[in-house]
Amino acid sequence: MLGGLAVAAIWVWWELRVENPMINLRLMKTNKMALTQLCTAVLGIGPLVAVGILTPLILLAPATDPAGLGVSPAVGGLVIFSAATLSFVGSPFSGKVAAAVGARRALLIGIVISFIGYSLMFWADNTLPTFIINTYVIAIGVMFSYTAFPNLVAESVPLENTSEGMGINTVTRTIFMAVGTTVLTMALASSTVEGTMVSTEAGFNTAYLIISASCVVAFFLALRIKDAPRTEAADPQDAAEAQVAGA
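Keep in mind that this is a model prediction, so the values were computed, not measured.

A. Structural view of the packing of aromatic side chains. Within this structure, the stated rule accounts for five aromatic pairs. Pairing F122 with Y208 gives two aromatic rings, centres 5.6 Å apart and planes at 75 degrees, and the pair type is edge-to-face. Placement of the pair is F122 in helix α5 (residues 103-124) and Y208 in helix α8 (residues 201-223), with a sequence separation of 86 residues. Its relative accessible area of 23% is what places F122 among the partly exposed residues. Plain terms: the ring middles of F219 and F220 are 5.8 Å apart, the flat faces sit at 90 degrees to each other, and that makes the pair edge-to-face. The exposed category is assigned to F220, whose relative accessible area is 52%. Here the aromatic cluster, defined as three or more aromatic residues joined through ring pairs, consists of F122, F204 and Y208.

In structure tokens:
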């Protein structure tokens, strides 16, 4: 971890020096862009990645396991497919909500729904109907978050840097979802049935606590995002130089 942080520090120093960086970190100077990436990172460790790890694990695990529902692969696939379809079909609605009340509020709505969904998971993994309903709730929360991120990025950067901003957000989400996979796997492995590799209820509860905590942290980060208007230049220094040149 220390080695990785050292390499990251060197990389940031280098990216800020070169004229055409691989990732334009100068865009992170604004409050909205920086906090959007922090929210993406925190949620990437929690609900954004958890839905793809815990859902199939619980559905397909034998009913004799502490947190297994023992459904067939066909039924499990149908549940996951229907949840994904709900997110797909509902995404225009979440986009309209973001347009009506702002992307920041849409993100807050998504975080709250995700928090409710994973908080209820402490009890919902006991029966298939409650688990399916809760999976749909989580899918809706994740849908709002995924819709809000690109809108927040588009509002955070100058028009000519939109694609760069979207790329930064994608990289952030990908990296921290990988981190989240490791964190949740370690949580599940922290408590197993003696003599087996099967996670106990305590292991799953630890994972739910981590996810719920990430939602709380992301919520307070999102509250601090300022609804500042979009700027016209990629960098404040560039804007000043352009103004001097025009004068």
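B. View of the layout of surface pockets. One number sums up the size of the largest pocket: a volume of about 640 Å³. Together, 17 residues line the largest pocket, and A8, W11, T172, I175 and F176 are the ones closest to its centre. Residue assignment for the lining of the largest pocket shows that the elements contributing at least two residues are α1 (2-15), α2 (31-45) and α7 (162-189). Among the elements that line the lining of the largest pocket, the one with the most residues is α7, at six residues. Here the residues of the lining of the largest pocket are counted per class, giving 15 nonpolar, two polar and no charged. Volume-wise, the second largest pocket comes out at about 240 Å³. V51, A84, S87, A139 and V142 are the residues nearest the centre of the second largest pocket, which is lined by 15 residues in total. Of all the secondary structure elements, the ones that give two or more residues to the lining of the second largest pocket are α3 (47-60), α4 (73-101) and α6 (128-156). Counted by class, the lining of the second largest pocket contains ten nonpolar, five polar and no charged residues.

C. Representation of the packing of α3 against α4 within the structure. Where α3 meets α4, the closest approach of the two axes is 9 Å, and the angle between their N-to-C directions is 150 degrees. Our classification of the angle between α3 and α4 gives roughly antiparallel. In the packing of α3 onto α4, the handedness of the crossing is right-handed. Between α3, through T55, P56, L59 and L60, and α4, the contact on the second element is made entirely by P73, G76, V79 and I80.

D. Quick look at the nonpolar core. Ranked by internal contacts, the top residues of the largest apolar core, which has 44 residues, are L54, L107 and Y118. Of all the secondary-structure elements, those providing two or more residues to this core are α2, α3, α4, α5, α6, α7 and α8.

E. Just a nonpolar patch on the surface, in detail. On the surface, a nonpolar cluster with roughly 740 Å² of combined accessible area is contributed by V112, F115, I116, L120, W123, V216, F220 and L223. At the level of secondary structure, the elements contributing two or more residues to the nonpolar patch comprise α5 and α8. When residues of the nonpolar patch are assigned to their parent elements, the largest contribution, five residues, is made by α5. Its place among the elements puts I116 in helix α5. The exposure class assigned to I116 is partly exposed, which follows from its relative accessible area of 41%.

F. Spotlight on the pattern of salt bridges. Under the definition given, this model contains one salt bridge. Measuring nitrogen to oxygen at the nearest pair gives 2.9 Å for the salt bridge that ties K32 to E155. Residue K32 is located in helix α2, and its partner E155 is located in helix α6; the two are separated by 123 residues in the primary sequence. For K32, a relative accessible area of 6% translates into the label buried.

Conventions and cut-offs
Residues numbered from 1 in each chain as written. Predicted model: local features only at pLDDT ≥ 70, side-chain atom pairs only at ≥ 80, totals over all residues. Heavy atoms only, no water. Phe/Tyr/Trp six-rings, centres within 6.5 Å; stacked < 30°, edge-to-face > 60°. Helix = DSSP H or I, 4+ residues; strand = E, 2+ residues; numbered from the N terminus. Buried < 20%, exposed > 50% of the residue type's maximum accessible area, 1.4 Å probe, protein only. 1 Å grid on protein atoms, 1.4 Å probe; cavity = no way out; pocket = protein on both sides within 12 Å on 5 of 7 lines; lining within 4 Å. Points joined across faces, edges and corners; volume = space filled by probe spheres on them. Nonpolar A, V, L, I, M, F, W, Y, C, P; charged D, E, K, R; others polar. Axes fitted to C-alpha atoms, helices over the stretch in contact; angles between N-to-C directions. Parallel < 35°, antiparallel > 145°, perpendicular 65-115°, else oblique. Left-handed = near helix turned anticlockwise from the far one by under 90°. Contact = heavy atoms within 4.5 Å. Core = buried A, V, L, I, M, F, W, Y, C linked by side-chain atoms within 4.5 Å. Patch = residues over 30% accessible without salt bridge, like charges linked within 9 Å, V, L, I, M, F, W, Y side chains within 5 Å. Areas by Shrake-Rupley, 256 points an atom, 1.4 Å probe, with all protein chains shown as cover. Salt bridge = Lys/Arg side-chain N within 4 Å of Asp/Glu carboxyl O.

Purely geometric stuff here, so don't read any function into it on its own.
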